[in-house]
Amino acid sequence: MDEKIKRTRSVQVRLTQEEYDFLQQKFLLSGYKSKSEFMRIAFFETLIVKFNADELQEMLRLMKNISANINQIAVRVNSTDKVYREDLTQIEDGVERIWQQLKYFQSQLQCIKP
């Protein structure tokens, strides 16, 4: 028979109404019987990962760059009905740079020990 764990400590957290509503929604969707159980799972079994803001900004910059390139190419194709090899190479290069950044993030996540 499992011995009941006696919990004698409590933690108080202040939230805005929006934060509380979000917490309540997540709790209801979780299927846990008690909010305490839900919070313990969230505290102790959830990994928190923080990336460097500069790295995330670089990813955003790369995505904006390729998006702008694709839009320019689309305008040119719509007006000339021609697709140039240089345009496709430019898109391929942009996608490759994004993949490199995504692979870097993936390698960082794989180093995390739960």
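Here's a quick rundown of the structure. No experiment lies behind these values; they were computed from the predicted model shown. (Residues numbered from 1 in each chain as written. Predicted model: local features only at pLDDT ≥ 70, side-chain atom pairs only at ≥ 80, totals over all residues. Heavy atoms only, no water.)

## Focus on the pattern of salt bridges
Logical step 1: As enumerated under the stated definition, the model contains three salt bridges in all.
Logical step 2: Of the charged contacts, one joins R61 and E58 as a salt bridge, the two residues approaching to 2.8 Å between their closest N and O atoms. A residue pair is termed a helical-turn pair when its members lie 3 or 4 positions apart in one helix, as R61 and E58 do in helix α3 (residues 53–80) at three residues.
Logical step 3: For R61, a relative accessible area of 43% translates into the label partly exposed.
Logical step 4: Take E58: its relative accessible area is 28%, and that puts it in the partly exposed class.
Logical step 5: The salt bridge partner of E92 is R85, with a shortest N-O separation of 3.3 Å.
Logical step 6: Using a relative accessible area of 49% as the deciding quantity, one classes R85 as partly exposed. (Salt bridge = Lys/Arg side-chain N within 4 Å of Asp/Glu carboxyl O. Helix = DSSP H or I, 4+ residues; strand = E, 2+ residues; numbered from the N terminus. Buried < 20%, exposed > 50% of the residue type's maximum accessible area, 1.4 Å probe, protein only.)

## Remarks on the side chain of Q101
Logical step 1: Its place among the elements puts Q101 in helix α4 (residues 85–110).
Logical step 2: Note on Q101: relative accessible area 15%, which makes it buried.
Logical step 3: When neighbours within four sequence positions are excluded, Q101 is seen to be in contact with E55, E58, M59 and L62. (Contact = heavy atoms within 4.5 Å.)

## A short note on unusual backbone geometry
For residues that are not glycine, phi is negative in most cases, and the peptide bond is trans in most cases.
Logical step 1: Unlike most non-glycine residues, D81 shows phi in positive territory, near 60 degrees.
Logical step 2: Within the element layout of this structure, D81 appears in the loop between α3 and α4.

## Structural notes on the packing of α3 against α4
Logical step 1: Between α3 and α4, the shortest axis-to-axis distance is 10 Å and the interhelical angle comes to 160 degrees. In terms of axis orientation, α3 runs roughly antiparallel to α4. Where α3 crosses over α4, the two elements pack in a sense that is left-handed. Residues E55, L56, E58, M59, L62, M63, N65, I66, N69, I70, I73 and R76 of α3 touch α4, and the partners they reach there are D87, Q90, I91, G94, V95, R97, I98, Q101, L102, Y104 and F105.
Logical step 2: Its residues assigned to classes, the contact of α3 with α4 comprises 13 nonpolar, five polar and five charged. (Axes fitted to C-alpha atoms, helices over the stretch in contact; angles between N-to-C directions. Parallel < 35°, antiparallel > 145°, perpendicular 65-115°, else oblique. Left-handed = near helix turned anticlockwise from the far one by under 90°. Nonpolar A, V, L, I, M, F, W, Y, C, P; charged D, E, K, R; others polar.)

These figures capture arrangement, not role.
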